[in-house]
Amino acid sequence: MTDNAHTDTTRRRFLGGAATAVAGLALAPGVLLHKVAQARPADEPVSSAVRWGMLIDTNKCAKGCSDCVNACAKEHGLTGHGRPQTDAQWIRSVDLRDKQTGYTQTLPLLCQHCEHPPCVDVCPTGASFKRADGIVLVDKHICIGCRYCMMACPYKARSFVHETIDDQLPHSPRGKGTVESCTFCVERVDTGRTPACVEACKAENHNAMIFGDMNDPASEISKQLKKYNSRQIRADLELNTGVRYRGI
Amino acid sequence: MKQQIQFMEIDGGPRFYSLLGAIGLFVLAGLAAAFYMEHNGHYVTGMSNQIVWGTPHVFAVFLIVAASGALNVASISSVFGKTPYKPLARLSGLLAIALLVGGLAVLVLDLGRPDRLIVAMTKYNFKSIFAWNIFLYTGFMAVVGVYLWMMMERRMNRFTTVSGFFAFVWRLILTTGTGSIFGFLVARQAYDSALMAPMFVIMSFSFGLAIFILVLMAACKWSERPLGDAILFRLKNLLGVFIASVLYFVMVYHLTNLYITENHGVERFILLDGGIYTQLFWIVQVLIGSLLPIILLYLPFTGKSRGWIGIACALAILGGLAQMYIIIIGGQAYPLEMFPGKEVISSFFDGGINSYTPSLPEVVLGIGGVAIALAAVFVGIRVLRFLPTSLADELVDPHYSTDKAAA
């Protein structure tokens, strides 16, 4: 009687486990495919169901580290001319020191991909625009180089191309006389990859940057944002930035 | 029985063409400077990713603001019914269009891609005050053009008041739009103020009238046409009031900022330790560009002297340019406040005072814009009847009496 009972539970456990495994095997490709499907096919428009965002944990940012900055420069061909006043910077490392307490920290600053971007509001031609998935871009064909967006950006995120460029990369068009800024590596995001800065930060095991869909509750960034406190730079402007910071 | 005011083109001849040629040289130099900047890229200028609007914008915005103000003399006659100003209304309209063309030329030639002007004319984002301004500026030229036609075509004279009123309202909206370019910028401490719009309106009154008086005195002297004291003294008294009004707005702007703790930094920068900007503010804008001309315009001795009135106008213009420089470049020189309470350092010049030195091409382009405006006025009064043959007191002054003349 006891033996039978014991056998029964083992079998039940086995059957239960097997059923779960089979169900898992059947569902997993679907779940994975769903993940992959977020890298939308090239012939489909971007969807506002997705809101791309970035979470930066400044506690993990070491002073003097420039891995994300270098990765960005390489990805987009941002070679300087040795003129720091006019050379473009899409992401930069910023050192902060509290005037009262002396506490210091370092963080990367880039286009914050606002939900309500002032650069888009002021652009006379509509060259500054926000994609449905929240990525703020400049249409280099419509930009007339008036620089009003640079006046309006609260983050100094934009650069004006001050001289002729002869080493452009095919996936990252630039042009003298137009304004440019971080694109969240849209060419990578559209094929299911993460921005170059995030990839570099991860590759060097700093893991200070997370990129993902802020609208998807299951995404790593959403979970982290829900679990831990984070901040927007100049939150007082109510721009609902796509880049969030921890530790500032 | 008073004589009628007559309008006549100024004489041509070698004198006309040599002066026009001289102005033309400045226009050419401005165009050459623009070509140089566009060909090489803006790195050859003093502008950078920190100071994105430089000296060309100072000249351009000054000219655009002055343009709407130059129309005031016509408005005083058509809208407010002051007959002594009526003979000046045509020149006022011409100067308004000319200054606007000069300012817009500088603005467009300083674009990163001036070749894409057609894009700016065909693609609009109507949430942008810049896009609105494109309509306000081009519309202003059309509206003032119609107004001039109503004034100059005798059969149309009865529409002068209506078109003048329309032009007056349009110019108020236009300058509101220009001031709002800065007023709507939430990101920067020095801007982001509703006061910018009315302050620009009153600035336009002052700058436009100062230029108008100088152009009027020069045109009358050059063409040897009488310019009576009555009308000139009216204009210069008005200018004194306008200069004082600008000072009032500047004072309210700074007082408001001084009350708000988060703006103490930028106020300290402009008013106390901003180096060139502080010097420009106190010495050029306030002292030489505002208080001195007010004194010159109202002191009995200097206020009745044409030389001193001319100097006062020139000083008011200088003060206006300094004010524009402080607003546009000083406002950008002060860093963005992204991290309150923190010292900020980066390779992108965050947190520090941004440096800017005007380059020669920028200044030459700006002066080129002034030259375009002057050339347009000069050609205008040569080919059409903008300038009265006489502005002598007995023709213009409603209170003129022969007794006064005899005395």
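Points about the overall build of chain A
- When its secondary structure is counted, chain A shows seven helices and nine strands.
- In chain A, once contacts between residues fewer than 6 apart in sequence are set aside, the share between residues at least 24 apart is 62%.
- On chain A, roughly 12200 Å² of surface is accessible, and the fraction owed to carbon and sulfur atoms is 57%.

Here's the deal with the overall build of chain B
- Counting secondary structure elements, chain B contains 16 helices and one strand.
- What you see for chain B is a C-alpha radius of gyration of 22 Å, in line with the 22 Å of a compact globule of 407 residues.
- Counting only C-alpha atoms, chain B reaches 75 × 45 × 40 Å along its principal axes.
- Evaluated residue by residue, chain B yields a buried proportion of 58% over its 407 residues.
- Within chain B, contacts between residues at least 6 apart in sequence are counted, and of these 79% link residues at least 24 apart.
- Distance between charge centres in chain B, computed from 25 positive and 20 negative side chains, equals 11 Å.

With respect to the pairing of strand β3 (residues 104-110) of chain A
All names here are of chain A.
- Burial within β3 is extensive, with six of its seven residues counted as buried.
- Across seven bridges, strand β2 (residues 91-98) lies against β3 in antiparallel orientation. From the neighbouring strand, Arg-97 faces β3, where its bridge partner is Thr-104.
- Counted along the chain from β2 to the antiparallel partner β3, the turn is five residues long, and its residue Gly-102 has a positive phi close to 80 degrees.

Quick notes on the confidence of the model for chain A
- The pLDDT averaged across chain A works out to 90; a share of 84% of its residues lies at or above 70.
- Of the regions scoring below 50 in pLDDT, residues 33-37 of chain A engages in one contact with residues more than four places distant in sequence or in other chains.

Some remarks on the pattern of salt bridges
- Summed over the entire model, instances satisfying the criterion amount to 18 salt bridges over all chains.
- Notably, a salt bridge pairs A:Arg174 with A:Glu180, separated by 2.7 Å at the nearest N-O pair. The two residues A:Arg174 and A:Glu180 agree in class, both being buried.
- The closest approach of N and O atoms between B:Arg306 and B:Asp229, which form a salt bridge, is 2.8 Å.

Brief notes about a nonpolar patch on the surface
All names here are of chain B.
- There is a patch of nonpolar side chains on the surface, built from Leu-25, Phe-26, Leu-28, Leu-31 and Ile-367 and spanning about 490 Å² of accessible area.
- Mapped onto the elements, Leu-31 comes out in helix α1 (residues 14-40).
- On the basis of relative accessibility, which here comes to 41%, the residue Leu-31 falls in the partly exposed class.

Things to note about the packing of aromatic side chains
- Summed over the entire model, instances satisfying the criterion amount to 25 aromatic pairs over all chains.
- Between A:Phe184 and A:Phe211 the ring centres are 5.1 Å apart and the planes differ by 85 degrees, which places this aromatic pair in the edge-to-face class. On the criterion of sequence distance, the pair formed by A:Phe184 in the loop between β7 (179-180) and α5 (186-189) and A:Phe211 in strand β8 (residues 209-213) is long-range, its members being 27 residues apart.
- Among the residues examined, A:Phe211 registers a relative accessible area of 12% and is labelled buried.
- Taken together, A:Tyr148, B:Trp53, B:Phe130, B:Phe182, B:Tyr191 and B:Phe200 form an aromatic cluster joined through their ring pairs.
- Here the guanidinium or amino end of A:Arg246 rests over the ring plane of A:Tyr228, the centre of that ring lying 4.1 Å away.

Looking at empty space enclosed by the protein
- Overall, the coordinates contain 10 cavities of 30 Å³ or more when judged by the stated rule.
- Reported here for the largest cavity is a volume of approximately 150 Å³.
- The dominant element in the lining of the largest cavity, judged by the number of residues it contributes, is helix α13 (residues 306-333) of chain B, at four residues.
- Among the residues making up the lining of the largest cavity, the classes are represented as 10 nonpolar, four polar and no charged.
- Estimated volume of the second largest cavity: approximately 130 Å³.
- If you trace the second largest cavity, you find 14 residues lining it, with A:Cys61, A:Ala62, A:Cys65, A:Cys68 and A:Pro108 closest to the centre.
- Going through the elements one at a time, α2 (67-76) and β3 of chain A are the ones with two or more residues in the lining of the second largest cavity.
- Top element by residues in the lining of the second largest cavity is β3(A). It accounts for three residues.

Focus on the nonpolar core
- Counting 191 residues, the largest nonpolar core has A:Met54, A:Tyr148, B:Phe182, B:Leu235 and B:Met324 as its most contacted members.
- Here the element with the most residues in this core is helix α8 (residues 196-222) of chain B; it accounts for 19 residues.
- Every residue in contact with A:Met54, bar those within four places of it in the chain, is listed here: A:Leu110, A:Phe184, A:Pro195, A:Cys197, A:Val198, A:Met209, A:Ile210, A:Phe211, A:Ile221, A:Gly242, A:Val243 and A:Arg244.

Concerning the sheet that holds β3(A)
- Sheet architecture is open: three strands sit in the order β3(A)-β2(A)-β1(B), paired in antiparallel fashion. Only two strands of the sheet have a single neighbouring strand rather than two, namely β3 of chain A together with β1 (342-346) of chain B. In this sheet, neighbouring strand axes are inclined to one another by 30 degrees on average, regardless of whether the strands run parallel or antiparallel.
- With respect to the sheet, α2(A) is in contact with β2 and β3 of chain A, its orientation differing from that of β2(A) by roughly 160 degrees.

Overview of the sheet that holds strand β9 (residues 243-246) of chain A
All names here are of chain A.
- Strand order across the open sheet formed by three strands is β8-β1-β9, with mixed pairing between neighbours. The open sheet terminates on both sides in strands that have one partner only, identified here as β8 and β9. Strand-to-strand, the axes of this sheet are offset by a mean angle of 20 degrees, without reference to chain direction.
- With four bridges connecting them, strand β1 (residues 52-57) and β9 associate as parallel partners. Note that in β9 the partner of Leu-55 across the bridge is Arg-244.
- Contacting β1, β8 and β9, helix α7 (residues 220-227) crosses the sheet at an angle of about 110 degrees to β8.

Examining the interface of chain A and chain B
- Contacts between the two partners involve 54 residues from chain A, matched on the other side by 53 residues from chain B.
- Considering only the surface of chain A that becomes buried against chain B, A:Tyr148, A:Met151 and A:Lys156 emerge as the three largest contributors, covering 17% of it.
- Joining chain A to chain B, the criterion identifies five salt bridges.
- B:Glu343 is the salt-bridge partner of A:Arg97, the closest N and O atoms lying 3.2 Å from each other.
- Our count for the chain A to chain B interface comes out at 36 residue pairs in polar contact (both at pLDDT 80 or more).
- Those elements giving two or more residues to the side of chain A that touches chain B turn out to be β2, β3, α3 (118-122), α4 (148-152) and β6 (159-160) of chain A.
- For the side of chain A that touches chain B, the residue count by class is 25 nonpolar, 14 polar and 15 charged.
- Pairing analysis gives five bridges linking β2(A) to β1(B), with the strands arranged antiparallel. Residue pairing in the sheet places A:Leu96 in a bridge with B:Val344 of β1(B).

Topic: the state of the cysteines
- Summed over the entire model, instances satisfying the criterion amount to zero disulfides over all chains.
- Among the cysteines around A:Cys111, which has no disulfide bond, A:Cys182 carries the closest sulfur, lying 5.5 Å off.
- Between B:Cys313, a free cysteine, and B:Cys220, which holds the nearest cysteine sulfur, the sulfur-to-sulfur gap is 13 Å.

Thresholds, definitions, all that
Residues numbered from 1 in each chain as written. Chains lettered and ligands numbered in written order. Predicted model: local features only at pLDDT ≥ 70, side-chain atom pairs only at ≥ 80, totals over all residues. Heavy atoms only, no water. Helix = DSSP H or I, 4+ residues; strand = E, 2+ residues; numbered from the N terminus. Contact = heavy atoms within 4.5 Å. Areas by Shrake-Rupley, 256 points an atom, 1.4 Å probe, with all protein chains shown as cover. Rg over C-alpha atoms; globule rule 2.2 N^0.38 Å. Buried < 20%, exposed > 50% of the residue type's maximum accessible area, 1.4 Å probe, protein only. Lys, Arg positive; Asp, Glu negative; His and termini not counted. Charge placed at Lys NZ, Arg CZ, Asp CG, Glu CD. Pairing = 2+ DSSP bridges. pLDDT = per-residue confidence, 0-100. Salt bridge = Lys/Arg side-chain N within 4 Å of Asp/Glu carboxyl O. Patch = residues over 30% accessible without salt bridge, like charges linked within 9 Å, V, L, I, M, F, W, Y side chains within 5 Å. Phe/Tyr/Trp six-rings, centres within 6.5 Å; stacked < 30°, edge-to-face > 60°. Lys NZ or Arg CZ within 6 Å of the ring centre and 35° of its normal. 1 Å grid on protein atoms, 1.4 Å probe; cavity = no way out; pocket = protein on both sides within 12 Å on 5 of 7 lines; lining within 4 Å. Points joined across faces, edges and corners; volume = space filled by probe spheres on them. Nonpolar A, V, L, I, M, F, W, Y, C, P; charged D, E, K, R; others polar. Core = buried A, V, L, I, M, F, W, Y, C linked by side-chain atoms within 4.5 Å. Axes fitted to C-alpha atoms, helices over the stretch in contact; angles between N-to-C directions. Buried area = accessible area lost by both parts, 1.4 Å probe. Polar contact = N/O pair within 3.5 Å; in protein donor to acceptor, adjacent residues only side chain to side chain. Disulfide = S-S within 2.5 Å.

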